[in-house]
Amino acid sequence: MITAAQLRAARALLGLDQRALAGLCGLSLPTIQRMEASDGVIRGNVDSLMKLVGALDVAGVDLIGEGGVSDGGGRGVRLKAPRATGE
């Protein structure tokens, strides 16, 4: 699951505007806008959510779920460590 706040934070970490994120994950701009405007956990088409989460993953963002391991606790996002070449 991903919250609207996590989505906005992930997009900010990557330096993307909504249009660029929409292109990255193959969704429409209105879909991204609707997701970011929602309260709490984003609800929607499972395929759209999978595209979004997959694109964020490929772009290098870790989504930290409630109860996930993090020093501060709670939900969040973080950039992944860069992959070594050849992986």
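These numbers were taken from a predicted model, which means no experiment stands behind them. (Residues numbered from 1 in each chain as written. Predicted model: local features only at pLDDT ≥ 70, side-chain atom pairs only at ≥ 80, totals over all residues. Heavy atoms only, no water.)

Examining helix α3 (residues 29-37)
No. 1: Taken together, the buried positions of α3 are occupied by Leu29, Thr31, Ile32, Met35 and Glu36. Buried residues of α3, viewed axially, fall in a sector of 160 degrees; they line one side. Looking at α3, the residues exposed on the side facing more than 90 degrees away from the buried face are Pro30 and Ala37.
No. 2: As for α3, its buried residues are in contact with α1 (4-14), α2 (18-25) and α4 (46-59). (Buried < 20%, exposed > 50% of the residue type's maximum accessible area, 1.4 Å probe, protein only. Helix = DSSP H or I, 4+ residues; strand = E, 2+ residues; numbered from the N terminus. Arc of directions from axis to C-beta. Contact = heavy atoms within 4.5 Å.)

Focus: the pattern of salt bridges
No. 1: Using the criterion set out here, one finds two salt bridges in the structure.
No. 2: A salt bridge links Lys51 to Asp47; the nearest nitrogen and oxygen atoms lie 3.7 Å apart. Taken together, the positions of Lys51 and Asp47, both in helix α4 and four residues apart, correspond to about one turn of that helix.
No. 3: For Lys51, a relative accessible area of 37% translates into the label partly exposed.
No. 4: You can call Asp47 partly exposed: its relative accessible area is 45%. (Salt bridge = Lys/Arg side-chain N within 4 Å of Asp/Glu carboxyl O.)

Let's talk about the confidence of the model for the protein chain
No. 1: Of all residues in the protein chain, 77% attain a pLDDT of 70 or more, and the chain-wide mean is 86.
No. 2: Mean pLDDT values for the elements of the protein chain range from 70 in strand β2 (residues 76-79) up to 98 in α2. (pLDDT = per-residue confidence, 0-100.)

Comments concerning the nonpolar core
No. 1: Ranked by size, the top nonpolar core spans 17 residues in total, and within it Leu7, Ile32, Met35, Ile42, Leu52 and Leu56 carry the most contacts.
No. 2: At the level of elements, α1, α2, α3 and α4 are the ones that each hand at least two residues to this core.
No. 3: Among the elements that make up this core, the one with the highest residue count is α4 (four residues).
No. 4: Not counting residues within four places of it along the chain, the set of residues in contact with Ile32 comprises Gln18, Leu21, Ala22, Cys25, Leu27 and Leu52. (Core = buried A, V, L, I, M, F, W, Y, C linked by side-chain atoms within 4.5 Å.)

What about the packing of α2 against α3?
No. 1: The geometry of α2 relative to α3 is characterised by a closest axis approach of 8 Å and an angle of 110 degrees between their N-to-C directions. By the criterion of interaxial angle, the relationship of α2 to α3 is roughly perpendicular. Along this stretch, α2 crosses α3, giving a crossing that reads as right-handed. Residue-level inspection shows Gln18, Arg19, Leu21, Ala22 and Cys25 of α2 in contact with α3, the latter providing Leu29, Ile32, Gln33 and Glu36.
No. 2: Residues belonging to the contact of α2 with α3 are distributed by class as follows: five nonpolar, two polar and two charged. (Axes fitted to C-alpha atoms, helices over the stretch in contact; angles between N-to-C directions. Parallel < 35°, antiparallel > 145°, perpendicular 65-115°, else oblique. Left-handed = near helix turned anticlockwise from the far one by under 90°. Nonpolar A, V, L, I, M, F, W, Y, C, P; charged D, E, K, R; others polar.)

Quick notes on the environment of Ala37
No. 1: Within the element layout of this structure, Ala37 appears in helix α3.
No. 2: Ala37 gets classed as exposed once you look at its relative accessible area, which sits at 62%.
No. 3: Through-space distance from the C-alpha of Ala37 to that of Ala5 is 9.1 Å; in sequence the pair is 32 residues apart.

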